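Residue strings, one per chain:
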Amino acid sequence: METRLINIFAKEDAYSMETRSLLRRKLQQSGFVVPNDFSPQAELIVSIGGDGSFLKTLHKYNFPSIPFLGINTGHLGFFQELHPNDLDAFIFWYKQKRYEIQDLKTVKAMITDENQTHELMGLNEILIRGEYSRLVHLNISIGSSFIERFSGDGILVSTPAGSTAYNYSLGGSIVDPRLSILQITPIAPMNTTAYRSFTSSVVLPQDLFVRIHPEKQEANELMIVADGIEHKYGNISEITLNFSDVIVKLMRFENYDFWNKVKTKFL
Ligand code: NAP
Ligand code: MN
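These remarks concern the structure in this document.

## Here's the deal with the site of ligand 1
Lining the immediate surroundings of ligand 1 are 19 residues, of which Asp 51, Gly 77, Glu 125, Thr 164 and Ser 169 lie closest. Between an oxygen atom of ligand 1 and a main-chain N or O atom of Gly 77, the distance comes to 2.8 Å. Residue Tyr 166 places a main-chain N or O atom 3.1 Å away from an oxygen atom belonging to ligand 1. Here ligand 1 has 820 Å² of accessible area as a free molecule, and 67% of this is covered by the chains. Among the elements of the structure, α2 (51-60) and α4 (166-169) are those that each provide at least two residues to the shell around ligand 1. The element best represented in the shell around ligand 1 is α2, accounting for 4 residues.

## Let's talk about the packing of helix α1 (residues 14-29) against helix α3 (residues 87-95)
Where α1 contacts α3, the two axes come as close as 10 Å, and the packing angle between them is 40 degrees. For the crossing formed where α1 meets α3, the hand is right-handed. For the pair formed by α1 and α3, the contact residues are Thr 19, Leu 22, Leu 23, Lys 26 and Leu 27 on the first element and Leu 87, Asp 88, Phe 90 and Ile 91 on the second. Counted by class, the contact of α1 with α3 contains 6 nonpolar, 1 polar and 2 charged residues.

## Observations regarding the packing of aromatic side chains
Inspection of every chain in the model, using the stated rule, returns 14 aromatic pairs. An aromatic cluster is built from Phe 32, Phe 90, Trp 93, Tyr 94, Tyr 99 and Phe 253, whose rings are joined through pairwise contacts.

## Topic: the nonpolar core
With 26 residues, the main nonpolar core has Ile 128, Leu 138, Ile 155, Ile 212, Ile 224, Ile 239 and Leu 241 as its most contacted residues. Secondary structure elements with two or more residues in this core: β4 (100-112), β6 (125-130), β7 (136-142), β9 (154-158), β10 (181-187), β12 (210-214), β13 (221-226) and β15 (238-252). Top element by residues in this core is β7. It accounts for 4 residues. Discounting residues that sit within four places of it in the chain, Ile 224 has contacts with Ile 111, Leu 120, Ile 126, Leu 127, Ile 128, Ile 229, Glu 230, His 231, Tyr 233, Ile 236 and Ile 239.

## Topic: the side chain of Thr 19
Inspection of the secondary structure assignment puts Thr 19 in helix α1. Of the residues examined, Thr 19 reaches a relative accessible area of 4% and is grouped as buried.

Calculation rules
- Residues numbered from 1 in each chain as written.
- Chains lettered and ligands numbered in written order.
- Predicted model: local features only at pLDDT ≥ 70, side-chain atom pairs only at ≥ 80, totals over all residues.
- Heavy atoms only, no water.
- Near = heavy atom within 4 Å.
- Polar contact = N/O pair within 3.5 Å; in protein donor to acceptor, adjacent residues only side chain to side chain.
- Areas by Shrake-Rupley, 256 points an atom, 1.4 Å probe, with all protein chains shown as cover.
- Helix = DSSP H or I, 4+ residues; strand = E, 2+ residues; numbered from the N terminus.
- Axes fitted to C-alpha atoms, helices over the stretch in contact; angles between N-to-C directions.
- Left-handed = near helix turned anticlockwise from the far one by under 90°.
- Contact = heavy atoms within 4.5 Å.
- Nonpolar A, V, L, I, M, F, W, Y, C, P; charged D, E, K, R; others polar.
- Phe/Tyr/Trp six-rings, centres within 6.5 Å; stacked < 30°, edge-to-face > 60°.
- Core = buried A, V, L, I, M, F, W, Y, C linked by side-chain atoms within 4.5 Å.
- Buried < 20%, exposed > 50% of the residue type's maximum accessible area, 1.4 Å probe, protein only.

Written out as structure tokens, the structure reads:
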């Protein structure tokens, strides 16, 4: 008989750890093997926690192509599909293949500094801002056209999956994840006779690149934040952002509907 491996990761609080032990035991009783460490041969990764711990697991294992199932012990749980009370139902549905896989698109950034080019990925978003509370000036091109010299706190490039996260707090639009677009949302854009920037989000098709040439400033460092994970780079000559081919697969069950989830989590 083939070995069916399932990875389980849990946030380090008592409730998540307890849910993890319980699920491990139930899966083992059903004939699955739960390795202690990440196994790339696993058929599924269960992430117990909130959206934040799911995002951290995704980054830690470098966006694996194995499907994820989220069990929510966090606050909001937008990516998380089940509750810790649903473990038996989950195993029952899973064995019968009664689930669907939601494909989520990602965003990629290539950041060139004086030494090299760094690559970052985001499931929610990649944002660019100053190191502290400093105003930043970013020369932004879309495709082959120079668009604007942005002045403000920064800009956020959101995927459809991330449109309900930081993007939404900034006044960006909620986007159905079946669409393949990127949304650029300004963070505190300045609009005066001295500085002019777009004040609303712009939405781009999947084949367009966004190029950013940051203006040299005294403290020449920028913070690039991918799904809440901060990276600091100095002397950046160019940042290119685009839609990535990497897909994150999320397990969803019978009653999943994106708009119903939005309604229940937001209204
Ligand atoms: P966090 O500081 O714990 O919280 C951010 C909140 O956003 C949490 O309630 C989180 O859910 C929720 N969230 C994450 N992804 C979401 C999504 N795709 N749709 C709707 N809500 C979502 O940070 P975190 O948990 O590590 O999450 C990182 C994300 O936080 C970043 O990617 C960014 O989008 C977001 N963020 C938002 C703001 C803001 O709205 N002003 C500021 C900074 C960062 P859980 O409670 O389940 O973790
Ligand atoms: Mn969180």
